[in-house]
Amino acid sequence: MQNPVRNIFILLAAFLLLISCKGTSQTVTSGTLPVDKNATKETIALYKNLFRLKEKGYMFGHQDALAYGVEWKYEAGRSDIKDVTGDYPAVYGWDLGRIENREDKDLDGVPFAKMREFMKQVYDRGGVNTVSWHVNNPLSGKDAWDNAPGTVVSVLPGGSQHEKYKGWMDNAAEFLLSLKGSDGKPIPILYRPYHEFTGDWFWWCKNTTTPEQFKELWKFTVTYFQSKGVHNLIYVYNTSNENVTTKADFMGYYPGDEWVDVVSFDIYQGGDGAKRDKFITDIKKLVSIITDVAKEHNKLSAIAETGYEAVPDAKWWTGTLAEAIGKQQISYVLVWRNHGWNEWMKPPRMHYYAPYKGQVSEKDFTDFYKKDNTLFQSDVTKEKLYR
Ligand code: BMA
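Keep in mind that this is a model prediction, so the values were computed, not measured.

**What to know about the site of the ligand**
Then, number 1: In the vicinity of the ligand, the contacting residues are Leu107, Asp108, His134, Trp145, Trp336, Arg337 and His351.
Then, number 2: For the ligand, an oxygen atom lies 2.5 Å from a polar atom in the side chain of aspartate 108.
Then, number 3: At a separation of 3.1 Å, an oxygen atom of the ligand approaches a polar side-chain atom of tryptophan 336.
Then, number 4: Expressed as a share of its isolated accessible area of 310 Å², the protein-covered part of the ligand is 77%.

Right under this line is the structure:
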């Protein structure tokens, strides 16, 4: 009598072990590894932890958050978001524009030396840095908005500007390699090259670039950075809302699962109140596209840039932005920079996307901050994203 009981017990134990192993292997494959097979330990940790974090909510991000805000510049420890909530954003956006020419400051005036320091502070307290690059047009030498045809072809291998472009990438690589935390480790970066390519305003946009050319540019970029020893990047694929209404539109220039870690889009609300409904409909549609793609391709997803210039709607944060995202599991939403009064814009106007003390949407932003599924610095510090 004893033996059959023992056998049943052994069988049951083996069965339970089998189930638990299956469970483990599923957990390990979900999230897998970033596209860079030599990614640093901290980069892999961030990538994996972001899969876990999206179950809890989405991080709030702000461009140039620590550099300046409306009516202030370079005040140590300051951020408009911190003035309003007492907490920093969880994601901090930066741009490499002008590093190509080894200039001291980026295209919006932030000294690269300060940017490096800010990124270090962010990493040290467990926040997340993301980088875009409004890289000049290498063919004309004008800025990123010079969308003359033929530019992408000119930078690809064999193109007339290829060597020059590699030099520009060397300058970017040098900066990316110089980013170290207080622990001496390379700072992981969510890197978002060739952003908003479904628009028609940058030299890499789809109006002047075929899918094959774009994919080649993307793969060249990833491979070249890796060849320079840059292994702290998580690669973010990014469309505009323009010309994207279906999953096929979104995926039209997708270089492949081995080349992309995060799928994302940019979208801005424009005009007066009547545009709100369209904005909400568009965001909902695009968020459902990126979350579907993320699920199917085992990737992360994000709204990499958004905002309503000068936030004239007092309830915009909870009433529009959070409303549109709903319970969808994206990793972050980032609003653009708080420049303040902008003399060069046509017409000159206030140019900012996050609230500041006294701004009309300040109170609503604190409600947005308090929502269970919005994550700020204090939330992500606890999550130890780099371990
Ligand atoms: C735009 C504006 C510009 C800025 C550019 C790149 O949306 O904010 O003033 O130079 O982004 O940051």
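**Looking at the pattern of salt bridges**
Then, number 1: Under the counting rule described, the total for this entry stands at 17 salt bridges.
Then, number 2: A salt bridge links lysine 228 to aspartate 170, with the shortest nitrogen-to-oxygen separation between them at 3.6 Å. On the criterion of sequence distance, the pair formed by lysine 228 in the loop between α7 (211–227) and β7 (233–240) and aspartate 170 in helix α6 (residues 162–177) is long-range, its members being 58 residues apart.
Then, number 3: The shortest N-O distance in the salt bridge between glutamate 309 and arginine 349 comes to 2.6 Å. Placement of glutamate 309 in the loop between β9 (300–308) and α10 (316–325) and of arginine 349 in strand β12 (residues 349–351) is noted, with a sequence separation of 40 residues between them.
Then, number 4: Under the relative-accessibility criterion, arginine 349 is labelled partly exposed at 26%.
Then, number 5: By sharing partners, the salt bridges in this structure join Arg52, Lys56 and Glu383 into a single network.

**Quick notes on the side chain of aspartate 266**
Then, number 1: With respect to the element layout, aspartate 266 can be found in strand β8 (residues 262–269).
Then, number 2: Of the polar contacts made by the side chain of aspartate 266, one reaches the side chain of arginine 192; its length is 3.0 Å.
Then, number 3: Among the polar contacts made by the side chain of aspartate 266, one reaches the main-chain amide nitrogen of glutamate 305 at a distance of 3.1 Å.
Then, number 4: Setting aside chain neighbours within four positions, we find aspartate 266 in contact with Arg192, His195, Glu196, Asn238, Thr239, Ser240, Asn241, Ala304 and Glu305.

**Overview of the nonpolar core**
Then, number 1: In this structure, Met59, Trp133, Tyr165, Trp204, Phe225 and Tyr237 are the most contacted members of the largest nonpolar core, which totals 117 residues.
Then, number 2: For this core, the element with the highest residue contribution is helix α9 (residues 275–297), accounting for nine residues.
Then, number 3: Residue contacts for methionine 59: discarding those within four places in its chain leaves Leu50, Leu53, Ala90, Val91, Val128, Ser331, Tyr332, Val333, Leu375 and Val380.

**Focus: the domain arrangement of the protein chain**
Then, number 1: In terms of domains, the protein chain is made up of domain 1 (1–30) and domain 2 (36–383).
Then, number 2: Placing a centre on the C-alpha atoms of domain 1 and another on those of domain 2 gives a separation of 46 Å.

**Topic: α10**
Then, number 1: The buried count for α10 comes to seven of ten residues, which makes it a mostly enclosed element.
Then, number 2: Buried residues of α10: Trp316, Trp317, Thr320, Leu321, Ala322, Ala324 and Ile325, and no others. The buried residues of α10 occupy one face: seen down the axis, they fall within an arc of 165 degrees.
Then, number 3: Those residues of α10 that are buried lie in contact with β1 (58–63), β8, α9, β9, β10 (332–335) and α11 (362–370).

**Some details on the packing of aromatic side chains**
Any pair of aromatic rings gets described here by the distance separating the centres and the angle formed by the planes.
Then, number 1: Applying the stated rule across the entire model yields 40 aromatic pairs.
Then, number 2: Between phenylalanine 365 and phenylalanine 376, the aromatic rings sit 5.9 Å apart at their centres with planes inclined by 85 degrees, giving edge-to-face as the arrangement. On the criterion of sequence distance, the pair formed by phenylalanine 365 in helix α11 and phenylalanine 376 in the loop between β13 (374–375) and α12 (377–383) is long-range, its members being eleven residues apart.
Then, number 3: According to the relative accessible area criterion, phenylalanine 365 is buried, its value standing at 0%.
Then, number 4: Taking NZ or CZ as reference, lysine 114 lies 5.3 Å from the ring centre of tyrosine 74, over its face.
Then, number 5: Of note, arginine 125 hangs over the ring of tyrosine 88, and the distance from its end group to the ring centre comes to 3.7 Å.

**So, the packing of α9 against α10**
Then, number 1: The N-to-C vectors of α9 and α10 enclose an angle of 35 degrees; their axes lie 8 Å apart at closest approach. Here Arg276, Phe279, Ile280, Ile283 and Lys284 of α9 lie close against α10, whose contacting residues are Trp316, Gly319, Thr320, Leu321, Glu323 and Ala324.
Then, number 2: Across the contact of α9 with α10, the residue classes break down as six nonpolar, two polar and three charged.

**Quick notes on α9**
In an α-helix, one full turn covers 3.6 residues, which means residues spaced three or four apart are oriented alike.
Then, number 1: Between its first and last C-alpha atoms α9 spans 33 Å; for 23 residues at 1.5 Å apiece the expected length is 33 Å, and the two agree.
Then, number 2: The set of residues buried in α9 consists of Phe279, Ile280, Ile283, Leu286, Val287, Ile289, Ile290, Thr291, Val293 and Ala294.
Then, number 3: Buried residues along α9 sit in contact with α8 (247–251), β8, β9 and α10.
Then, number 4: Where α9 ends, the next residue or the one after it, asparagine 298, has phi of about 60 degrees, a positive value.

**Quick notes on the pairing of β9**
Then, number 1: The buried fraction of β9 amounts to nine of the nine residues, a majority that puts the element mostly inside the structure.
Then, number 2: Where β8 meets β9, eight bridges bridge the pair, whose relative direction is parallel. Bridge pairing in β9 places tyrosine 268 opposite glycine 307.
Then, number 3: For the segment spanning β8, α9 and β9, crossover handedness is right-handed.
Then, number 4: Across three bridges, the pairing between β9 and β10 is parallel. Directly across from threonine 306, in β10, lies its bridge partner valine 335.

What counts and what doesn't
- Residues numbered from 1 in each chain as written.
- Predicted model: local features only at pLDDT ≥ 70, side-chain atom pairs only at ≥ 80, totals over all residues.
- Heavy atoms only, no water.
- Near = heavy atom within 4 Å.
- Polar contact = N/O pair within 3.5 Å; in protein donor to acceptor, adjacent residues only side chain to side chain.
- Areas by Shrake-Rupley, 256 points an atom, 1.4 Å probe, with all protein chains shown as cover.
- Salt bridge = Lys/Arg side-chain N within 4 Å of Asp/Glu carboxyl O.
- Helix = DSSP H or I, 4+ residues; strand = E, 2+ residues; numbered from the N terminus.
- Buried < 20%, exposed > 50% of the residue type's maximum accessible area, 1.4 Å probe, protein only.
- Contact = heavy atoms within 4.5 Å.
- Core = buried A, V, L, I, M, F, W, Y, C linked by side-chain atoms within 4.5 Å.
- Domains from an automatic or database assignment.
- Arc of directions from axis to C-beta.
- Phe/Tyr/Trp six-rings, centres within 6.5 Å; stacked < 30°, edge-to-face > 60°.
- Lys NZ or Arg CZ within 6 Å of the ring centre and 35° of its normal.
- Axes fitted to C-alpha atoms, helices over the stretch in contact; angles between N-to-C directions.
- Nonpolar A, V, L, I, M, F, W, Y, C, P; charged D, E, K, R; others polar.
- Expected span 1.5 Å × (residues − 1).
- Pairing = 2+ DSSP bridges.
- Right-handed = clockwise from strand over helix to strand, strands pointing away.

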